[in-house]
Amino acid sequence: MSEIDQGLLSAGKFGVGQSVPRNEDPKLVQGRGCYTDDLALPGELHACMVRSTVAAGTIQGFDVTAAREAPGVVAVYTAFDLVEAGYGGVACRLPLQHHDGTAMHAEPRPAFASAEIRHIGEPMAVVVATSPALAKDAADLVEVDIETKPAVVDPLQALEPDAPQVSPDYPNNLCLDYAFGDEAAVEAAFAQAAHVTRLRLVQNRLACAPMEPRAAVAEFDGERGRYTLHVGCQGVFGLKTYLVRDVLKCMPEQLRVITYDVGGSFGMKIAPYPEYTAILHAAKMLGRPVRWRDERSESFLSDHQAREGVFDCALALDADGNFLAVDVRVVANMGGYVSFVGPMMPSLNIRKNVPGPYRTPLLHVRSKSVLTHTVPIGPYRGAGRPEGVYVMERLIEQAASETGRDPLDLRRRNLITPDALPFKAASDLVYDSGDFPRLFDRALERADAAGYAQRKAQSAARGKLRGRAVACYLEVTADAVEEMGALRFEADGRVTMITGTSDYGQGHWSTFAQIMVDRLGLPFDKLDLVQKDSDALTAGGGSGGSRSVMNSSMALLAAADEVETKARKWAAHALEAPEIDLVFQDGDFSVVGTDRRVSLLEVAKLARESGPIAGLPEDIDASLNVKGAPSAFPNGVHYCELEVDEATGVVTIDRYVSVNDFGTIVNPMLTRGQIQGGVVQGIGQALFENVVFDGEGQLLTGSFMDYCMPRADAVPPIQVEFVEVPAKTNPLGAKGCGEAGATGAPPTVMNALLDALRPLGVDHLDMPATSEVVWAAMQGARIAAE
């Protein structure tokens, strides 16, 4: 082993638990990254979508004559061309059931509207030209005769008997009427309760708004009958599966999906969007690559949006403050189409995430997913987890206020204690590990909660209102899926890791390399990662639901076991010793009781260069598919203190602490960054962000002039700490961390704000609590008090 390699392995510098800088960063910060729109293919054409300017209506006809005759235009395609070509639509294939046990109907979403318009910005046609400007100019020449109809944008109004109908497939606009839990038992608990707290909470609609808009380039090889789609996504294998099965209706070998660097996604880019069908068709028909890229204004109309719903919820307590039962009634807005996982968030994920780390014995959830004439809803960082935690934490804070209890004591009283684990929660899930009281106490200590009264007095002296809050979260990561793990020893001495998750900012290359340094003693700087080419994969669940480290580590560790088994045979051959006498440690095989050793990389070279030898494997590479890790339960406690300016309603977050249990942490630095980024997004939802449609379905927040996201001056230093209680459900002991910040922040910030405002008589606000909303609430409370 070289001196460089020895140095890389020394003192576990690059192993699990170390804050190793990301391999990915140098090229990205130096502008050397390669994103989908950086790809330039010979002879490529450019596509521009023709989108509806109304939210509800019936298409009477198309006139594309002028567009086809425009300069530079090569082709114009409408829905009728795509239907004639035999393409299918994308439907929600989740096995969801109505409360009566019948299966949810899965209506496919077509690539283009051909008859009914369901939301503003819905694509109706595509223009393909020799330049983006010419395609855009010609798109303006496409005439679509639309008979405008009344629209419905509010999910509660959509359920009214006389509401406009979005789809004939869903009478009364109801897509899914989901129920969980023993409703009678919950009602009995409420009847016997000493106190019941009830709240109506409105989840604001969010735009995902990643830095990089969606883009894609399609190719078609006529000789091989094979498509290639270059696209930013969260997992090439999963996207390929959807497109092959539902859209192209072709054999798997007839489509290759490749992704590159991805400038953010947060769940949004995981979906198979209509634009991809359009450019794949155009590439096939024209025999040339076809490129498409969203403009930011289009992104607000075409990207899946997130969250929106109305939650009527209640918490029952006994005379001592013990939680007895929770009841949650949801009406969730799905938008104009049921996206591929749309109903999952307000149904399954609410059920899984409402109970949190508390001993609540009973839970009932009734969730109605409804269509409206708005942009479809899809997953966004948390995907139901933030909504579930928000419900519980707002209820607890309100219950404490109504009963005169300390909200900290009320939470502490109801936390599950370590001696109760494993614990079957009211969600029917079994928590395997955790120390919830320890995290709670540590968060208060780290935040200097004991000094709060002094800081509150100091704020008052400056004419500011000060509030604080704590919120506990326990979220459930995504279910297990089949995952690929492979290790390939290259001729140049490097080692390639192959797995089907996908990095779009998380730092997988460095994280997975650290795991292999620990397991096989491989040099950190000799490890490469392949995960963004479907041709290289045999399985892959992509990245989502905070499961990447758990799934890929399980697969790669299984591959590492196979590598060691095969390498041991070659090492025994090289050292002329029985396998039983060999010890494998820190990347070397050694003979017990001697100084004779050979490194794993030397064994790989020997196997590669020796040629076939009877009784020995051809190489020491390994490739296999494994069932991924089951759901884990990352958890933690967030603490926030903030000030409110009574004159303006401006909210300033003064301190923020997050103490988390993510099980075994591979890279604390990267994990800390995940939490900080998620907290900022949660602050955005709580105080700033809101997608708004008018009564006709027109988007009023279609740019960053109207859609406000948090800036640097709105975010305090976010202190992050870890308490590692390893999970018992995967070999690494990891629990996932990607969505925790966005899950814990909204209730923490909103409860802290209400704590500041309660002395004025304000005890309820919905998100986003903008300065205007806060100011109006304070003025209204003062008028009411007069």
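Residues numbered from 1 in each chain as written. Predicted model: local features only at pLDDT ≥ 70, side-chain atom pairs only at ≥ 80, totals over all residues. Heavy atoms only, no water.

Draft legend 1. Spatial organisation of the overall build of the chain. Helices and strands together make up the secondary structure of the chain, namely 21 helices and 30 strands. Compactness check: the chain gives a C-alpha radius of gyration of 28 Å against a globular reference of 28 Å for 786 residues, within 12% of the reference. C-alpha extents for the chain along the principal axes are approximately 95 × 75 × 50 Å. Buried positions account for 60% of the 786 residues belonging to the chain. Accessible surface computed for the chain: about 29,200 Å², of which carbon and sulfur atoms make up 52%. Charged side chains of the chain number 72 positive and 103 negative; the gap between the two group centres comes to 3 Å. (Helix = DSSP H or I, 4+ residues; strand = E, 2+ residues; numbered from the N terminus. Rg over C-alpha atoms; globule rule 2.2 N^0.38 Å. Buried < 20%, exposed > 50% of the residue type's maximum accessible area, 1.4 Å probe, protein only. Areas by Shrake-Rupley, 256 points an atom, 1.4 Å probe, with all protein chains shown as cover. Lys, Arg positive; Asp, Glu negative; His and termini not counted. Charge placed at Lys NZ, Arg CZ, Asp CG, Glu CD.)

Draft legend 2. Molecular detail of the packing of helix 12 (residues 385–403) against helix 13 (residues 407–414). It is the contact of helix 12 with helix 13, at a shortest axis distance of 9 Å, that shows an interaxial angle of 120 degrees. One finds that helix 12 runs oblique with respect to helix 13. With respect to the hand of their crossing, helix 12 and helix 13 are arranged in right-handed fashion. Facing Glu-393, Ile-396, Glu-397, Ala-399 and Ala-400 of helix 12, the residues of helix 13 in contact are Pro-407, Leu-410 and Arg-411. Of the residues in the contact of helix 12 with helix 13, the class split is 5 nonpolar, no polar and 3 charged. (Axes fitted to C-alpha atoms, helices over the stretch in contact; angles between N-to-C directions. Parallel < 35°, antiparallel > 145°, perpendicular 65-115°, else oblique. Left-handed = near helix turned anticlockwise from the far one by under 90°. Contact = heavy atoms within 4.5 Å. Nonpolar A, V, L, I, M, F, W, Y, C, P; charged D, E, K, R; others polar.)

Draft legend 3. Fine view of the environment of Val-749. In this fold, Val-749 is placed in helix 20 (residues 740–757). Sequence separation between Val-749 and Val-651 is 98 residues, and the spatial gap between their C-alpha atoms is 10.0 Å. Ignoring anything within four residues of it in the chain, the contact list for Val-749 reads Cys-640, Leu-642, Ile-653, Tyr-656, Ile-683, Ala-686 and Leu-687.

Draft legend 4. Summary view of empty space enclosed by the protein. In total, this model carries 5 cavities of 30 Å³ or more according to the counting rule given. Considering only enclosed or pocket space, the largest cavity measures out at about 170 Å³ in volume. In terms of lining residues, the largest cavity is bounded by 19 residues, among which Val-90, Arg-109, Pro-272, Tyr-273 and Pro-274 are the most central. Elements supplying a minimum of two residues to the lining of the largest cavity: helix 8 (236–248) and helix 9 (274–286). Of the residues in the lining of the largest cavity, the class split is 13 nonpolar, 5 polar and 1 charged. The calculated volume of the second largest cavity comes to roughly 100 Å³. Sorting the residues of the lining of the second largest cavity by element identifies strand 15 (309–317) and strand 16 (323–333) as the ones contributing at least two each. The leading source of residues in the lining of the second largest cavity is strand 16, at 3 residues. When its residues are assigned to classes, the lining of the second largest cavity shows 11 nonpolar, 4 polar and 3 charged. (1 Å grid on protein atoms, 1.4 Å probe; cavity = no way out; pocket = protein on both sides within 12 Å on 5 of 7 lines; lining within 4 Å. Points joined across faces, edges and corners; volume = space filled by probe spheres on them.)

Draft legend 5. Representation of the side chain of Gln-506 within the structure. Residue position: Gln-506 is located in the loop between strand 22 (495–499) and helix 16 (508–520). One polar contact links the side chain of Gln-506 to the main-chain amide nitrogen of Tyr-504, over a distance of 2.7 Å. If sequence neighbours within four positions are ignored, Gln-506 has contacts with Arg-22, Ser-543, Leu-670 and Gln-674. (Polar contact = N/O pair within 3.5 Å; in protein donor to acceptor, adjacent residues only side chain to side chain.)

Draft legend 6. How the structure looks around the pattern of salt bridges. Tallied over the full model, the rule gives 52 salt bridges. Where Glu-275 meets Arg-214, a salt bridge forms, and the shortest distance between an N and an O atom there is 3.2 Å. Here the residue Glu-275 occupies a position in helix 9, and Arg-214 occupies one in the loop between strand 9 (206–207) and strand 10 (215–221), the gap between them amounting to 61 residues. The same class applies to Glu-275 and to Arg-214, which are both buried. One connected set of salt bridges, linked through shared partners, spans Asp-448, Arg-455, Arg-462, Arg-466, Glu-641, Glu-643, Asp-654 and Arg-655. (Salt bridge = Lys/Arg side-chain N within 4 Å of Asp/Glu carboxyl O.)

Draft legend 7. Representation of the sheet that holds strand 2 (residues 57–63). If you trace the 3 strands from one edge of the open sheet to the other, you get 4-2-6, paired in antiparallel fashion. Each end of this open sheet is capped by a strand with a single partner; those strands are strand 4 (116–117) and strand 6 (143–148). As paired strands, strand 2 and strand 4 are joined by 2 bridges and run antiparallel to one another. By the bridge assignment, Thr-58 is partnered in strand 4 with Glu-116. (Pairing = 2+ DSSP bridges.)

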